[in-house]
Amino acid sequence: MTPQEGFSPDIIGFLCNWCSYAGADLAGVSRFQYPPNVRIIRVMCSARVDPAIVLEAFVRGLDGIMVLGCHLGDCHYLTGNYYTEKRVKTVKSVLESVGLSPERLLIDWVSASEGERFAALVKEFTETIRELGALGKEANCDIQQLKTRLAAAKETLTRDRIRWLVGRERELTEDKNVFGERVTQEEFDQLMFQTIEKEFEKRKILISIGDDALSIKEIARKMEASPGKVLRNIVSLEHDGLVSVVGIEGNSPKYRRVRG
Amino acid sequence: MVSLQNPVSEVNKVGSVLVIGGGIGGIQSALDLAESGFKVYLVDKSSTIGGVMAQLDKTFPTNDCSMCILSPKLVECGRHLNVEVLTCSEVTGISGEVGNFSVSVRRRPRYVDIEKCTGCGLCAKFCPVEAIDTFNKGLCDRTAIHINYPQAVPLVYMIDKEKCIGCGLCRSVCLADAITYSDKEKVTTLNVGAVILAPGAEEFNAKLKSEYGYGRYPNVVTSIEFERILSASGPFSGRVQRPSDGDIPKKIAFLQCVGSRDVTCGNSYCSSVCCMYSTKEAVIAKEHMNQIEPTIFYIDMRSYGKDFDKYINRAKEEYGVRFVRCRISKVKEVPNTQNLRVKYETEDGRLSEEEFDLVVLSIGFTPSENIKQLAKNLGVELNEYGFSKIQPFYPLETSKPGIFVCGMFSSPKDIPETVTQASAAAAKAGELLSSVRGTLVKKKEYPDEMDVRGQPPRIGVFVCHCGINIGGVVGVPSVVDYARTLPNVIHACDNLYTCSSDTQEIIKNNIKEYGLNRVIVASCSPRTHEPLFQETIKEAGLNRYLFEMTNIRDQCSWVHLHDPEAATEKAKDLVRMAVAKARMIEPLERLSLGVTHRGLVIGGGLAGMTAALTLAKQGFEVDVVEKNQELGGFLRKIHHTLEHENTQENLRNLVENISANKLIQIFLNAKIEDVSGYVGNFKTTITQGSEKIERDHGIVIVATGGEEYSPNEYQYGEDPRIMTQLELENRIATPDLEKLGNVVMIQCVGSRNDEHPYCSRMCCGESVKNALKLKGKAPDTNVYILYRDIRTYGLIEEHYRKAREAGVIFIRYKEESKPTVTKALSEGKEVLHVSVFDPTIQEDILIDADLLVLSTAVVPPKENSILAKMLKVPINEDGFFLEAHAKLRPVDFATEGIFVCGMAHSPKSIDESIAQAKAAVSRACSLLTKDVIEAEGVIATVNPNRCTSCELCMQVCAYNAIEIEETKRGKTAKVNSALCKGCGACAATCRCSAIDIKGFTDMQLSSIITAMR
Amino acid sequence: MESAGEGWTPKILAFLCNWCSYAGADLAGISRMQYPPNIRVVRVPCSGRVNPYFVIKALQHGWDGVLVSGCHPGDCHYISGNLVARRRFAVLKDLLEYFGIEPGRLNFSWVSAAEGEKFAIVVKDVVEKVKSLGPAERLVKR
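Counting of residues starts from 1 at the beginning of each chain's written sequence and follows it residue by residue. Each chain takes a letter, starting from A, and each ligand takes a number, starting from 1, following the order in which they are written. At least 70 in pLDDT is required for a residue's local features to be given in this predicted model, at least 80 for side-chain atom pairs to be given and counted, and no such filter applies to totals for whole chains, interfaces and linings, which use all residues. Note that water and hydrogens are dropped before the side-chain values are worked out from all heavy atoms of the structure.

## A short note on the overall build of chain B
Thought 1: Strands here are runs of E lasting at least two residues and helices are runs of H or I lasting at least four, both read from the DSSP assignment and numbered beginning at the N terminus. Check the secondary structure of chain B and you find 24 helices and 51 strands.
Thought 2: This radius of gyration counts C-alpha atoms alone. The globule rule is 2.2 Å times how many residues there are, raised to the power 0.38. Radius of gyration (C-alpha) of chain B: 31 Å, near the 31 Å computed for a compact globule of 1013 residues.
Thought 3: Taking all 1013 residues of chain B together, 63% fall into the buried category.
Thought 4: Two residues qualify as a contact provided that any one of their heavy atoms is within 4.5 Å of a heavy atom in the partner residue. Partitioning the intrachain contacts of chain B with sequence separation of at least 6 by distance along the chain shows that 71% fall at a separation of at least 24.
Thought 5: Each accessible area value is a Shrake-Rupley result obtained with a 1.4 Å probe; residue values ignore everything except the protein chains displayed when judging cover. About 37400 Å² of surface is accessible on chain B, with carbon and sulfur atoms providing 49% of the total.
Thought 6: Positive residues here are Lys and Arg, negative ones are Asp and Glu, while His and the chain termini are left out of the count. Each charge is placed at NZ for Lys, CZ for Arg, CG for Asp and CD for Glu. Charged side chains of chain B number 117 positive and 127 negative; the gap between the two group centres comes to 3 Å. Each residue's exposure class comes from its accessible area (1.4 Å probe, protein chains only) as a fraction of the maximum for that residue type: buried when under 20%, exposed when over 50%, partly exposed otherwise.

## Quick word on the packing of aromatic side chains
Residue and element names in this part refer to chain B.
Thought 1: Aromatic rings from Phe, Tyr and Trp, taking only the six-membered ring of Trp, are treated as a pair when their centres fall within 6.5 Å; an angle between ring planes under 30 degrees marks them as stacked, one over 60 as edge-to-face, and anything in between as tilted. Under the counting rule described, the total for this entry stands at 25 aromatic pairs over all chains.
Thought 2: A centroid spacing of 3.9 Å and a plane angle of 10° characterise the contact between Tyr304 and Tyr793, whose relative ring orientation is stacked. Taken together, the residues Tyr304 in the loop between β17 (293–298) and α7 (308–317) and Tyr793 in the loop between β39 (782–787) and α19 (797–805) connect sequence positions 489 residues apart. There is no split in this pair, since Tyr304 and Tyr793 are both buried.
Thought 3: When the centroid spacing of 5.2 Å and the interplanar angle of 80° are considered together, the rings of Tyr758 and Phe880 count as edge-to-face.

## A short note on the state of the cysteines
Thought 1: To count as a disulfide, a pair of cysteine sulfur atoms needs to be within 2.5 Å. Evaluated as defined, the whole model comprises one disulfide over all chains.
Thought 2: Between the sulfur atoms of Cys19(A) and its disulfide mate Cys70(A) the distance is 2.4 Å. Judged by the sign of its S-S torsion, about 95°, the cystine formed by Cys19(A) and Cys70(A) is right-handed. Of the two residues, Cys19(A) is situated in the loop between β1 (11–16) and α1 (20–29) and Cys70(A) in the loop between β3 (64–69) and α3 (80–98); the sequence distance between them amounts to 51 residues. Both residues of the pair, Cys19(A) and Cys70(A), count as buried.
Thought 3: In this structure Cys170(B) is a free cysteine whose sulfur lies 6.2 Å from that of Cys164(B), the closest cysteine sulfur available.
Thought 4: Overall, the relative accessible area of 11% leaves Cys170(B) in the buried class.
Thought 5: Free cysteine Cys76(C): the closest other cysteine sulfur is in Cys46(C), separated by 4.1 Å.
Thought 6: Residue classification places Cys76(C) among the buried positions, given a relative accessible area of 8%.

## Side note on the side chain of Arg142(B)
Residue and element names in this part refer to chain B.
Thought 1: Mapped onto the elements, Arg142 comes out in strand β9 (residues 141–143).
Thought 2: The class for Arg142 is buried, based on a relative accessible area of 13%.
Thought 3: A 3.5 Å cut-off defines polar contacts: any pair of N or O atoms within that distance qualifies, except that in protein one atom must be a possible hydrogen donor and the other a possible acceptor, and neighbouring residues in sequence count only when both atoms are side-chain atoms. At a separation of 3.5 Å, a polar atom in the side chain of Arg142 contacts the side chain of His146.
Thought 4: Polar contacts involving the side chain of Arg142 include one to the side chain of Asp160, which spans 3.2 Å.

## A closer look at the interface of chain B and chain C
Thought 1: Each side of the interface is counted separately: chain B has 55 residues, and chain C has 52 residues.
Thought 2: Defined in terms of a 1.4 Å probe, buried area is the accessible area two parts forfeit on being brought together, summed over both. Ranking the residues of chain B by area buried against chain C places Gln555(B), Ile1009(B) and Met1012(B) at the top, with a combined share of 15%.
Thought 3: For this document, the term salt bridge refers to a Lys or Arg side-chain nitrogen within 4 Å of an Asp or Glu carboxyl oxygen. Taken together, the connections running from chain B to chain C amount to six salt bridges.
Thought 4: Linking Arg527(B) and Asp26(C) is a salt bridge whose minimum nitrogen-to-oxygen distance equals 3.7 Å.
Thought 5: If you list the elements that add at least two residues to the side of chain B that touches chain C, you get β4 (64–65), α12 (526–539), α13 (553–557), α14 (564–582), α23 (985–989), β51 (995–997) and α24 (1002–1010) of chain B.
Thought 6: Residue classes follow a fixed rule: Ala, Val, Leu, Ile, Met, Phe, Trp, Tyr, Cys and Pro count as nonpolar, while Asp, Glu, Lys and Arg count as charged, and any other residue, Gly among them, counts as polar. The residue inventory of the side of chain B that touches chain C, partitioned by class, reads 26 nonpolar, 16 polar and 13 charged.

None of this, on its own, says anything about what the molecule does.
Right under this line is the structure:
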């Protein structure tokens, strides 16, 4: 991929207060030069970075996001960054579902003494994003569709069941589950992927329907998905009371969103 | 009679029975046994009872909603003091002897505490793990923690351990503290006297018939999947939608005999139910969405049961269901539209192809591997197909004494036959264990009832949070505060779960503490919970009818989730309405009726004799009334069964046994003159010659049998070579059967016509049987069977196949072109010239018959209508007795204490008559084993001062519970409390408010109405 | 009685038979089908129990509409009570119309134990219908 002509990416960096933010300070004190594309947001711990916030940033049109925390084992809050690591992985898989490159989200560790490393990371990440181009360039779809998908992805990450899984991943895969068994990372990833996929599809359906009343086939066409799969998810949405059939046109039942 | 049971010392017998399988069969067996004095363990491997019936949308031929009729039985089973339901459990082994078995049962962990779970469903709302919903046949998804269906019993969730990742969310959200991850597999040993096997059968795996594309094409579904598609509580809420795109299919094809009558897949038998269920599915689909055009592709239409042919005709004429007789060769998907092209060969050999939007495969039933393993564990022998081996005269006995069988496990059958067999198997267990009846059952003791008459109402109101199910929407504390302001409310409080066992204690204590004499619970549905609370107040010394319940969950918080304010207002209104009624309620008595422990059996044929003998074996006196001078009825004309059993020998044994039994009194040449009275207390007048005999009976079993139709078709009676099938049978039984050249049998003589629109059911098997006998005696005899549909249902199909192999020629004739018979001269001798149009070659076939055999109809005895009037029970249009409910009460009448069995009900085979007779006894025993029976408390009462004896109430009463009585002050209506069911149709009809319904009085209902403001 | 001014919503009294329609209403709840909160349910053994007088009484006491719902024909727990009810309400409806009561105030339906969604739809329809008719004042005793 060739870099876009004159493209200067907008990047946000979430930096933890105790290591990475200090590292960035040190880069400044040491006058290490790096590209001006990054806007830094200080958080107390990298674990504060809610997956939904990351998606919100992309919804707002940011091209890349860095999440930087203390090195594993050094977390000021003992284990926060372990959670961050697991969580970012989940967000990356959501980005893939949206059709975005997972490289648009970076997780890395910068200690308070690694000013130079901080500058290098920013430089490298900015370059990566510059090469990827503006948000959605790789997604093969128009901006409206991308926005729809991103909104769906954000809603997906706010769902209770996803958040619970995200929150429990470390304990389940590294310690024991409620039955006293260890869940392998592979099993967990598979479940997580399925759950996200399903939720994502459902959110996409809701957003696709919008304020219209649409048939399964119309929804499928809008989403570029198979009607059979849409039907299955619609059944689940209907069960949850989020859509209902408002009428039948020809041979096609029309679904409308139920607004609380 | 060969007894299959070893003599067992009576002292060692145990008064409990294990029922394996919690489908409708197992449920019926369990309820019958528990009601007649036995402790029952009901084991099911699933997390809930209900079986296949719970998955069905409607049932044929009445189009009853399956869940509506099943769910009261589920609830009854779940609540019965003497039925212990063991779910998630399997039987692994058996030891001991008849009358005293030790059975080991393995229970899989459920991970949810049955005692604590309230079924509120919060856990499933949050569970992050999705799995395929197997109850809905994979058409949608469910969560790892789940219940199979909303009406499940027990209404307890279960964790699917295979899918669960163990995240712990369910425990975090469960307010009832019901999640137990530490649950472990448990093995327990049950001590029982007998075992009833009701494990059902499994659906045929449609993928094995790959030519139909099931599993590859989304729009090819099985009939059970289609049931879920039709179901209002199924994935599509009852809209008929096809899986590929959710569109409503216009053209639907039903392909019959998928996995049935098919030697290539090993299932050469007929699955018996598919012709009817697919017709039903076609009709219901059409009812749901009128644009649907269903077509049924079939080989033979096997609508052999009671009122089945009428149903098929209605499907054709009223609903426009199209029936095509053919053989299907292949189903192919049309790319893009995902429609399906069905290729088939019509009867006349033409190849055709037609496009459909949806294809439904009418799959058959087969014993599952699981069931075969169970049989092995129990030491029960199986037949070549894997069904339990049975003998025609012992249709309920497995090869192992003390283990009985019912339902699909002995051969494929429909719901009423399963229910019949289930009751019959219960009777078998009852016969075996009658000496230990009542030894293991529990009876609850209650304190004496407080007399609250004359006291002002002191009402206690208990408002339930139901976790957050109610409290999350309705402002429960404000409802409680409001309740306190209402008149006569002495006490009001809220509970996290009003149904939990600790709250029951609170209610009891509050009744004492505050001197409450009326109790109101505002929570969920009285349909599931009223008996629990009534029990509680009874334990506190209050009459159970001093209770009122209002539903602020199912009909308030859950349906107004987004409007808490309106929901709270509504809850207050509902509580105010309940208080208004509670102020008016009075204690009600349940009338106790004594029971005469003697049965009356009308009819001394196979069914009547079987019923009498079974009753006697259960320890009851029986009177048998037979109109002829000999016992035996229809069976006297049958010499052997399809399975080569000697019927006459069995009949002789039966007559000997019944004559020798001291408890049985036989009245020959006798008839019923009059029957009066009601359940437990019938008074019967029997006339025998000129003598009139008065007898008391507790129950009546109608077994008047059927008769052979005497044809006026085909010159019957004019030529000795023209005879009926039974006459042929008699002739075959004579040792010197002369050589016969061409034998032609004509089916449906007198059946399925305008005069007798029903199928006589047994004639197809009967002619196949006789044809095989003829071929067996003289293989060069040519046997032609001219038929309309060959209805060799179930395992009889095997004999049809054998007959074809033996060279019997089957030629179909159409209803509109019946065979003709003329006498003609051929080669110097007079022959019977039979001509029939063969639709396969589209030509007339001429056969010179040496013998013409007419398969004649079974017709009801003429006396049925007189008897029906006497007993006040109905008969159907065909003249057979009409049971209370075609599906679930196949041997009961709506009038309590009167039962029907055998051909009095409809034409049927030997094993079916025996099963039905035993079923009638089983149902009767639930009354006869009691010394007193309690009548309903909610019943009608008459105010004679207002009654004008206009008889309007009599006309609307479906139970004949109202009579006009002559009193000193003139005529007045009188309610028979033993017969009244309390529906209230009379009260609402009465022109002068003379009739009222206790518990739902005009005053009470009016007070609710006026509590509006 | 409130006038049909702003914010007026009808109050509807529903007589549901214990065996089918009440169970159908329960299923609507279990399935969380949402419907308007204007309905108050009275459980009766059978739709056949509902005396026409109750309907008139309800209209006299400020209810704006009445719904009577029973088992489908043929499904009645009491064999034929629902058919008795149907005949009765057909007559009553005519009579009420003669009095000048809009026929839409009295509604009759069949809802089975499996028809939760149908129950919700019936309630919605009835509420809509009665809402458009406004408050029932004709028979109200003052």
